[in-house]
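# Residue-level structural notes
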Amino acid sequence: MTLFSVEGKTVVVTGGSRGIGRMIAAGFAEAGARVYISSRKAADVEKTGAELGCVAVPADLSTPEGVETLASAVAEREDRLDVLVNNAGATWGAPLADYPGHAFDKLWGINVKGVFFLTQRFLPLLRAAATPEDPARVINIGSVDGLRVPIVENYAYSAAKAAVHMLTRHLAKTLAPEFITVNAIAPGPFESKMMAYALDDPGTRAVVESHVPLGRIGRPDDMAGAAIFLASRAGAYLTGAVVPVDGGVSTC
């Protein structure tokens, strides 16, 4: 159990009020970590925080003000940050002929700039936690759609998630000498608001499942397990990796 323990670690999970962020936050909280979650909607994040036993911080991480709000709230309570999970993000789907330019602006702002600037802002607390034996960890949530051409028309989303994967590798190289690892998880289909349009309909859900080699939609413990692995002693020697947690979708 020690190899995979995250007990006593301080963890921040952005976009933690629902979907993949909630899965990760719940996993860390159940494993004994002290968890902060953020989301744009105050009522949602406070409700989830109460349910999971996490500290809730409302913040819009697509803006500099939101980044500062979250970072300051954590810094007021903690002198170190062991794990930062950059999960907050958005998607946008539309046919090629109708795809709007502002979709790229919105998704670049939250999916890429938000990841970069929050990591930058949290560096002092990450450095305070980092040691050669137990590095501080940054875990970025990318997507299988950033690894292969999606089956849906989500041009800005897939491009932004591919950018998250390269940003992960770039930050990993820069921060390795400071004993801060940076890895990404590339999820396949999981129960979330982003996937609700497909998974809530039994027929469409069956089609999605048919494209997953393992034949099913991801479960909360699949996602929490991957994040805990990267944050524990078991994952201490990994950095710059993009880990598909997708039931094999990225092999197709």
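Our subject is the structure that appears above.
As the structure is a computational prediction, the values presented were derived from the model and not from experiment.

## Details of the nonpolar core
With 42 residues, the main nonpolar core has Val12, Leu61, Leu70, Phe122, Leu126 and Ile180 as its most contacted residues. At 11 residues, helix 4 (residues 101-129) tops the list of elements feeding residues into this core. Residues within four places of Leu70 in sequence aside, it is in contact with Val12, Thr14, Ser38, Val57, Ala59, Leu61, Leu118 and Phe122. Within the second largest apolar cluster, 28 residues are counted, among which are Val11, Val13, Ile24 and Ile228.

## What about the environment of Val67?
Along the chain, the position of Val67 falls in helix 3 (residues 64-77). A relative accessible area of 8% means that Val67 is categorised as buried. For the pair Val67 and Ala227, spaced 160 residues apart in sequence, the C-alpha separation works out to 22 Å. Apart from residues lying up to four places away in sequence, Val67 is in contact with Asp60, Leu61, Phe117, Leu118 and Arg121.

## Regarding the sheet that holds strand 7 (residues 242-245)
Two pairing modes exist for strands in a sheet, parallel and antiparallel, and in both the strands are linked by backbone hydrogen bonds. With parallel pairing, the 7 strands of this open sheet are ordered in space as 3-2-1-4-5-6-7. Each of the sheet's edge strands pairs with one partner strand only, and the pair in question is strand 3 (55-58) and strand 7. Neighbour-to-neighbour, the strand axes of this sheet turn through a mean angle of 20°, independent of strand direction. Note that strand 5 (residues 136-141) and strand 6 (residues 180-187) share 6 bridges and pair parallel.

## Some points on the packing of helix 1 (residues 19-30) against helix 2 (residues 42-52)
Contact geometry for helix 1 and helix 2: axes closest at 10 Å, N-to-C directions at 30°. When the interaxial angle is binned, helix 1 and helix 2 end up roughly parallel. Seen from above, helix 1 lies across helix 2 with right-handed handedness. Here helix 1 contributes Arg22, Ala25, Ala26 and Ala29 to the contact with helix 2, which in turn contributes Thr48, Glu51 and Leu52. Partitioned by chemical class, the residues of the contact of helix 1 with helix 2 number 4 nonpolar, 1 polar and 2 charged.

Calculation rules
Residues numbered from 1 in each chain as written. Predicted model: local features only at pLDDT ≥ 70, side-chain atom pairs only at ≥ 80, totals over all residues. Heavy atoms only, no water. Core = buried A, V, L, I, M, F, W, Y, C linked by side-chain atoms within 4.5 Å. Buried < 20%, exposed > 50% of the residue type's maximum accessible area, 1.4 Å probe, protein only. Helix = DSSP H or I, 4+ residues; strand = E, 2+ residues; numbered from the N terminus. Contact = heavy atoms within 4.5 Å. Pairing = 2+ DSSP bridges. Axes fitted to C-alpha atoms, helices over the stretch in contact; angles between N-to-C directions. Parallel < 35°, antiparallel > 145°, perpendicular 65-115°, else oblique. Left-handed = near helix turned anticlockwise from the far one by under 90°. Nonpolar A, V, L, I, M, F, W, Y, C, P; charged D, E, K, R; others polar.

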